[in-house]
Amino acid sequence: MAKFNIKTPSLDRRDFIAAGVAAAAALQASGTLYGQDSRLAFAAPSQAQEDAGEWATIACSHGCGTRCMNKVLVKDGVVVRQKTDDTHEDSIECPQQRGCLRGRALYESQMGADRLKYPMKRKSWTPEDPHGDLRGKEGYERISWDEALDIVAGQLKKAYTEVGPKAVYTPGCLSGGYIRPLLNACGGYLGVSDTISFGTHTFRGGKLGHSSTTVSDRMDMIENAENIVLLGNNPGWGSNGNPSYNFREARDRGAQFYFIGPSYNVSANMLDAEWIPAKPGTDTALLLGVAHEMLRLDEEQGNMVDWDFLHTYCVGFDEESMPEDAVLTENFKGYVLGEYDGVPKTAQWASAITGTPVESITVLAEAMGKQHATIFSHGYASARCNGAEDLPQMIMTIAAMGGHFGKPGHACGNYFVDRCGTGGDAILTVGTDGTEALEPVELEPLCDPALVPDPDHPDYVNALEMWDAVITGKYTNSGRRGAIPPEPATCDIRFIYGSRDNTIRATPNANRMVEALRTVDFFLVQHIFATASAPYADVILPVLADFEHDIALEYGDQDREGFLMFTPIGETPYEAKSDRWIAEQLLERLGYNPKDVYPYSEEQRYFNYLASSMIMDEQGEYSPLITITEEDICEMGVEGQPQQGVVDLSTLREQGIYQVKRSFGDGYTHIAYADFIADPEANPVNSNSSKFEIYCQDKGDKLTEVARAGETYKPYPTYHEVVGDEGYPLLMFSTHYPRSACSDFDNVRTLREAFDSPVTMNAVDAAAVGVQTGDAVLVSSPYGKILRPVAVSQFVVPGAVDVPNGAWPDFNEEGIDVGGCPNTLYGGAPKGMEVSGYNNVSVKVEKWTGAPIQPDYMRQLVIEAE
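Residues numbered from 1 in each chain as written. Predicted model: local features only at pLDDT ≥ 70, side-chain atom pairs only at ≥ 80, totals over all residues. Heavy atoms only, no water.

Visitor: How would you sum up the pattern of salt bridges? Please name residues and give values.
Guide: Counted under the stated rule, the structure contains 44 salt bridges. R248 is the salt-bridge partner of D252, the closest N and O atoms lying 4.0 Å from each other. With a gap of four residues between them, D252 and R248 both fall in helix 9 (residues 242–252), about one helical turn apart. Overall, the relative accessible area of 15% leaves R248 in the buried class. Residue D252 pairs with R251 through a salt bridge whose shortest N-O separation is 2.6 Å. A network of salt bridges, in which partner residues are shared, links R739, D746, R752, R788, D810, D856 and R859. (Salt bridge = Lys/Arg side-chain N within 4 Å of Asp/Glu carboxyl O. Helix = DSSP H or I, 4+ residues; strand = E, 2+ residues; numbered from the N terminus. Buried < 20%, exposed > 50% of the residue type's maximum accessible area, 1.4 Å probe, protein only.)

Visitor: Requested: an account of the packing of aromatic side chains, with residues and values cited.
Guide: Following the criterion strictly, the structure yields 27 aromatic pairs and no others. Seen in terms of ring centroids, W237 and Y737 are 5.2 Å apart; in terms of plane orientation they differ by 85°. Their pairing is edge-to-face. Of the two residues, W237 is situated in helix 8 (residues 235–238) and Y737 in the loop between strand 29 (730–733) and helix 27 (749–754); the sequence distance between them amounts to 500 residues. Classification of Y737 by relative accessible area gives buried; the value is 7%. Both rings, one in F309 and one in Y313, keep their centres 5.1 Å apart while their planes meet at 40°; by these two values the pair is tilted. Separated by four residues within a single helix, F309 and Y313 lie in helix 12 (residues 307–313), roughly one turn from each other. (Phe/Tyr/Trp six-rings, centres within 6.5 Å; stacked < 30°, edge-to-face > 60°.)

Visitor: Outline helix 19 (residues 510–517), supporting the account with residue identities and numerical values.
Guide: Those residues of helix 19 not exposed but buried are A510, M513, V514, A516 and L517. Within helix 19, the buried residues cover an arc of 165° as seen down the axis, which keeps them to one side. In the core, the buried residues of helix 19 are packed alongside helix 17 (466–472), strand 19 (495–499), helix 18 (503–506) and strand 20 (522–527). (Arc of directions from axis to C-beta. Contact = heavy atoms within 4.5 Å.)

Visitor: So, unusual backbone geometry: which residues are in play, and what are the values?
Guide: The residue D272 is not glycine, and still its phi comes out positive at about 55°. If you trace the backbone, D272 turns up in the loop between helix 10 (266–270) and strand 11 (274–277). In this structure, Y673 is a non-glycine residue whose phi angle is positive, near 70°. By the element assignment, Y673 lies in the loop between strand 27 (657–659) and helix 25 (674–678). Residue classification places Y673 among the buried positions, given a relative accessible area of 14%.

Visitor: Outline the nonpolar core, supporting the account with residue identities and numerical values.
Guide: Among the nonpolar cores identified, the biggest contains 98 residues, and V152, L182, F495, Y497 and I569 are the most heavily contacted of them. Tallying contributions element by element places helix 5 (residues 145–162) first for this core, with nine residues. Listed in part, the 59 residues of the second largest apolar core include A383, M394, A399 and A672. (Core = buried A, V, L, I, M, F, W, Y, C linked by side-chain atoms within 4.5 Å.)

Visitor: Give a detailed account of the state of the cysteines, specifying residues and quantitative values.
Guide: Inspection of the entire model under this criterion finds zero disulfides. Free of any disulfide, C696 has its nearest neighbouring cysteine sulfur in C314, separated by 13 Å. Under the relative-accessibility criterion, C696 is labelled buried at 0%. (Disulfide = S-S within 2.5 Å.)

Visitor: A description of the side chain of R788 should follow, citing residues and the corresponding values.
Guide: With respect to the helices and strands, R788 occurs in strand 32 (residues 784–793). With relative accessibility at 2%, the residue R788 sits in the buried group. At a separation of 3.0 Å, a polar atom in the side chain of R788 contacts the main-chain carbonyl oxygen of V818. Among the polar contacts made by the side chain of R788, one reaches the side chain of D856 at a distance of 2.7 Å. (Polar contact = N/O pair within 3.5 Å; in protein donor to acceptor, adjacent residues only side chain to side chain.)

Listed below in structure tokens is the structure:
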């Protein structure tokens, strides 16, 4: 039996300690996730524990959007304990950067039984015959680094010289940027275009004047917001740290919360939010109904719509405010009133589409009125739906109708993910490695120079087409996220580079990926541990764990008010190497000088990051953050100049964090668009009219130009009906879940045991198929099937099914994914602006009558040489 098969390995000492830490954390959190505090509190260690070793701050560089602090106690090279931020007293002015359950499981996630220890090759693979049909079916043999690198270099050279850049495909994150320069030196590569986390907010074109990420400072929200409307937000599960803390503090100070979404989630419960239920993918229709209600209420009682704001700072709401470049004589108000299509977008009209009660639409309209200091905070899940192209403009329009920009307590945008959900220029900035100031070295590509991609005409495969492109060699190129009009294109994929990603989990149509992988010459996996993609690899390269080397400042989205510095905990006990080392070794074998591609050593890059990191004072001026001495420079073995900052390097290294204490009304307080509101001519926004564009000719033209299925788009936001697949009556959406962050942490057994990741459905839908909580269900789409336990609830809207995000696929002999990965159910041809449609997939649910399903924590993917 091949060693990569699913099994339940025994726990060694390291695993046992890590498992105990994570299990304790899970128990502590079991009440708080649904209760009053979504952040975790941990008992202080005893003095005996403190004396047992040394504490090191470790990297939590995962996809939840926040950067919390986690420390491990290291004794004799073994991690014996983990804790979070206890460097200062906790307060809203200076909150501790507490780690979540996932952060508390960091060590287990990267040092468990599934850790990749040495290079391996699939047993039957040879350069002459890859035996692709055996990928995922056979075991591995251990090989040396020299042999592994020679194989990889040889396959890269073969792909580039025989075909060119379109023979090399990389779907992942490219190892923090180390692999991208390697492949570019060889001649380029074919990448994937996916709307991923941000959905239709990523559209490359259509300048509306408003950014989804431009929000006010958290201190303003806490102090001044009267109403806070959350559209599809769930920081209590998705971003467990301070975003929820900030929202809760606003609630405690009197803010009323409203939550829009297909399920009443833990964050809404924590905030005592009024639920505005809506079916997945119908948010544009809901907000059109809100707009009609605001107009109706304004006409009946006044003081609802901020007409001065609409006519001063916006274009295209009505006939009085049309932009100069308008082609149509239509406007948003006329569309809402039904003047062009004969269909008024009333609350009743919206309710029939969304399932939202008419009274709830009226409540939401009143909350968005001009008489309230309202913050409209959207998540990105609602934009990850088919038919959501107009949603970002629609969100902006509703906020503009209430005048909710540029004033204390008013804002519109994403308030809880990146940089802990607080707006304004970064008080603490992460520096750069310095390479951007160097002249690039011209290198001779391995391929015909005529085949090197033109940077002005980018070539990408859409995520929904990627595996078909591998199999058929045909795809449609629209650039990255609709950058250019669609055009037919061809490729001949020979080499797939899976670098620090879990491709089969992270991309649509996982079933099709298995078929595609078996057609190529070579599939490389380069990772810390065995991912769900790894059993299909021809060669596996083990890389250093995040806490085994300095990666700290590769990640620039730290908290606005806090700066983390990570400390390596020691050398790896295995044969793992850094991504940089692997790239340099491959470059040498391909005939390049690594210094031409990576001019600075890893130590020099790290120093450059530190030396160029800055702190802003309350007057908005930046100066160096870190004091660096001549002794520091000598100790690091780098070149540089001493400098004076506000914290010395040794203190920062010891503490692991530097944080700025805030106060209400301080000089760091930021009101988004306040300058624009004060003087719109001197501070224009990014649009052709220099105002918020409720009618945006540029947006309508560009969306229509790149539309894949022949759709046409108006310059103002409209509703686009999405028709489901026949025979699949339910809509699947996918929530972020406590046990995983994107592709990370689903290998952690203790998190799997604490959170069993059930499919959740409404009691009415469950009764129709004869299931109750605890039963197993088969969830099917036209593209795949998953097998999961079910939880029946009244807190999911009828007609919708919640399949938690992050689960790794695990296909049984019948091709059913018993791991429960929602990406197994995604598929189909791209539509609209090529949004991947992750949150309104047509599915059906059936009661499972086969063999009982095994709990997730009983399975563990381990790959070892035979």
